[in-house]
Amino acid sequence: MKLMIVDDSSIIRNRIARISRHVDLAKLEIDIVGQASNGKEAVDLFVKAHPDIVTMDLTMPEMDGVECTKALAYMNPAVRILVISALSDKSTALKALKNGASGFLYKPFNDEQLISALESLVN
Amino acid sequence: MHKINETEIHVFIDAIGHYFNQISNEIAIVKAAYLASDAEPPPLYDYLGTINLSGDYQGSIYFSAPRILIRHLLIAMQEPNRTEQDFLDAVGEIANTLAGNARKHFGEFMNISVPTSTAAPFTELQNSTRIHPFVIMIKWRQYHASLVIDMERIH
């Protein structure tokens, strides 16, 4: 499974990458194929890297995560997108799901929560 | 314009507690919460992360922390990179997370900007919305930080 990580914070991108290499996830054969720091970069990378799963921040410059989710889901309806955002109101999560996201994880997250969310996404 | 009340300040206090507990498995203590004044301005440390608000709210939310606190948080996150850019990134991400979590209470029409981050020296907080912003003083491990809430509801 090819994973693309989208977040404007390099610390968060690195953290997701590190946790994704967790031993339990390795059994799921997740391969990180790229990272993007905004929605526009993510769309470009998506075309080149063809990820199966994506972690998506929402509050980003250039193109936000909801718009990006919508674009990626349009390009490949089979892609599974896990939105990872601090925006904790219910309507934002519903909007993301309505636009093609498959799951939602609130920041701040711990290792176990991310692993569990990725496992749910992959399975 | 509607003033933010004391109950709503607890939304941010809860967000602070949740943040540090999730990241480090350790609690952060709120040492004090007060209204800033000329005599007691918001304390600012080495780094400042700012979120600007729009929509139903106006103003800003600021998180400020010393380098040593951010360094320890990066270690807790197992982040090997500790460049100046990483410190700025971290302080902005904390401000973004605390403001974003507050939308659980304030709702989707509290629009939050992408974070901006700066390093000291600072002059003073800009774009002051309230005459007396709320200040929440945080202690995590032995380090202090501050969250400044300078916001009002306009609709």
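Above: the structure in question.
Nothing here was measured: the structure is a model prediction, and the numbers come from that model.

K.L.:
With reference to specific residues and values, describe the overall build of chain A.
P.N.:
On a plain count of helices and strands, chain A comes out with six helices and five strands. Along the chain direction, N to C, the helices and strands of chain A fall in the order β-α-α-β-α-β-α-β-α-β-α. Taking 123 residues into account, the globule formula puts the C-alpha radius of gyration at 14 Å, and chain A, at 13 Å, falls close to it. Judged by the C-alpha coordinates and their principal axes, chain A covers about 35 × 30 × 25 Å. Every one of the 123 residues in chain A was classed for burial, and the buried ones make up 55%. Pairs at least 24 residues apart make up 64% of the contacts formed inside chain A by residues separated by at least 6 positions. Summed over its atoms, the accessible surface of chain A is roughly 5,300 Å², and 50% of this surface lies on carbon and sulfur atoms. Where the 14 positive side-chain charges of chain A centre and where its 16 negative ones centre are 3 Å apart.

K.L.:
Talk me through the environment of Ser-20 of chain A; I want residue IDs and the actual numbers.
P.N.:
Mapped onto the secondary structure, Ser-20 of chain A falls in helix H1 (residues 10-20). For the pair formed by Ser-20 of chain A and Glu-119 of chain A, sequence separation is 99 residues and the distance between their alpha carbons is 10.0 Å.

K.L.:
I'd like a description of the packing of aromatic side chains, backed by residues and values.
P.N.:
Note on aromatic pairs: each is described by the distance of the centres and the angle between the planes. In this structure the tally under the stated criterion is six aromatic pairs over all chains. Summarising the aromatic geometry, the rings of Phe-104 of chain A and Tyr-106 of chain A are spaced 5.0 Å apart at their centres and angled 55° between planes, so their arrangement reads as tilted. For the ring pair Phe-12 of chain B and Phe-106 of chain B, a centre distance of 5.8 Å and an interplane angle of 35° mean the geometry is tilted. In this pair, Phe-12 of chain B is assigned in helix H1 (residues 6-24) and Phe-106 of chain B in helix H3 (residues 84-106), connecting sequence segments 94 residues apart. A residue is classified by how much of its surface remains accessible, and Phe-12 of chain B, at 0% relative accessible area, is buried. Here a set of aromatic residues connected by ring pairs shows up, and it is made of Phe-12, Tyr-57 and Phe-106 of chain B.

K.L.:
Give a detailed account of the side chain of Thr-69 of chain A, specifying residues and quantitative values.
P.N.:
Residues and elements named next belong to chain A. When you line up the elements, Thr-69 lands in helix H4 (residues 65-75). Residue classification places Thr-69 among the buried positions, given a relative accessible area of 1%. In this structure, Thr-69 is in contact with Met-56, Ile-81, Val-83, Ala-96, Asn-99, Gly-100 and Ala-101, ignoring residues within four places of it in sequence.

K.L.:
Can you explain the interface of chain A and chain B? Please cite residues and give values.
P.N.:
Listed by partner, the interface residues are 25 residues for chain A and 26 residues for chain B. It is Ile-11, Arg-18 and Pro-108 of chain A that lose the most area in chain A upon contact with chain B, and together they represent 31% of the buried surface on that side. In this structure, the connection of chain A to chain B is made through two salt bridges. At the boundary of chain A and chain B, one finds 17 residue pairs in polar contact (both at pLDDT 80 or more). Among the secondary structure elements, those contributing two or more residues to the side of chain A that touches chain B are H1, helix H5 (90-98) and helix H6 (111-122) of chain A. When residues in the side of chain A that touches chain B are grouped by element, the largest group, six residues, is from H1 of chain A.

K.L.:
Give me the lowdown on helix H2 (residues 67-76) of chain B, citing residues and values where you can.
P.N.:
Restricting attention to buried positions, one finds in H2 of chain B the residues Leu-69, Ile-70, His-72, Leu-73 and Leu-74 of chain B. Buried positions along H2 of chain B lie against H1 of chain A together with H1, strand S3 (57-65), H3, strand S6 (134-140) and strand S7 (143-153) of chain B. Count one or two residues on from H2 of chain B and you reach Gln-78 of chain B, which has phi positive near 60°.

K.L.:
An account of the packing of H1 of chain A against H6 of chain A is requested, with residue identities and associated values reported.
P.N.:
Residue and element names in this part refer to chain A. The interhelical angle for the contact between H1 and H6, taken along N-to-C directions, is 70°, at an axis separation of 10 Å. On the basis of their axis angle, the class for H1 and H6 is roughly perpendicular. For the pair H1 and H6, the crossing hand works out as right-handed. Here Arg-15, Ile-16, Ile-19 and Ser-20 of H1 come into contact with H6, specifically with Asp-111, Leu-114, Ile-115 and Leu-118. Taken together, the residues of the contact of H1 with H6 break down into five nonpolar, one polar and two charged.

K.L.:
Which residues make up the sheet that holds strand S2 (residues 31-36) of chain A, and what are the values?
P.N.:
Residues and elements named next belong to chain A. Spatially, S2-S1-S3-S4-S5 is the arrangement adopted by the five strands of the open sheet, whose pairing is parallel. Lying at the two open borders of the sheet, with one neighbouring strand each, are S2 and strand S5 (103-106). Sheet twist, expressed as the mean angle between neighbouring strand axes with direction ignored, is 20°. Pairing of strand S4 (residues 80-85) with S5, which is carried by four bridges, proceeds in the parallel orientation. Within S5, the residue paired with Ser-85 across the bridge is Tyr-106.

K.L.:
Provide a residue-level description of the side chain of Glu-79 of chain B, including the pertinent values.
P.N.:
Its location among the elements puts Glu-79 of chain B in the loop between H2 and H3. In this structure, Glu-79 of chain B is buried with no salt-bridge partner, the nearest side chain bearing the opposite charge being Arg-18 of chain A at 4.1 Å. Of note is the side chain of Glu-79 of chain B, whose polar atom sits 2.9 Å from the backbone nitrogen of Asn-81 of chain B. Those residues in contact with Glu-79 of chain B that lie beyond four places of it in its chain are Ile-11, Asn-14 and Arg-18 of chain A together with Leu-74 of chain B.

Parameters at a glance
- Residues numbered from 1 in each chain as written.
- Chains lettered and ligands numbered in written order.
- Predicted model: local features only at pLDDT ≥ 70, side-chain atom pairs only at ≥ 80, totals over all residues.
- Heavy atoms only, no water.
- Helix = DSSP H or I, 4+ residues; strand = E, 2+ residues; numbered from the N terminus.
- Rg over C-alpha atoms; globule rule 2.2 N^0.38 Å.
- Buried < 20%, exposed > 50% of the residue type's maximum accessible area, 1.4 Å probe, protein only.
- Contact = heavy atoms within 4.5 Å.
- Areas by Shrake-Rupley, 256 points an atom, 1.4 Å probe, with all protein chains shown as cover.
- Lys, Arg positive; Asp, Glu negative; His and termini not counted.
- Charge placed at Lys NZ, Arg CZ, Asp CG, Glu CD.
- Phe/Tyr/Trp six-rings, centres within 6.5 Å; stacked < 30°, edge-to-face > 60°.
- Buried area = accessible area lost by both parts, 1.4 Å probe.
- Salt bridge = Lys/Arg side-chain N within 4 Å of Asp/Glu carboxyl O.
- Polar contact = N/O pair within 3.5 Å; in protein donor to acceptor, adjacent residues only side chain to side chain.
- Axes fitted to C-alpha atoms, helices over the stretch in contact; angles between N-to-C directions.
- Parallel < 35°, antiparallel > 145°, perpendicular 65-115°, else oblique.
- Left-handed = near helix turned anticlockwise from the far one by under 90°.
- Nonpolar A, V, L, I, M, F, W, Y, C, P; charged D, E, K, R; others polar.
- Pairing = 2+ DSSP bridges.

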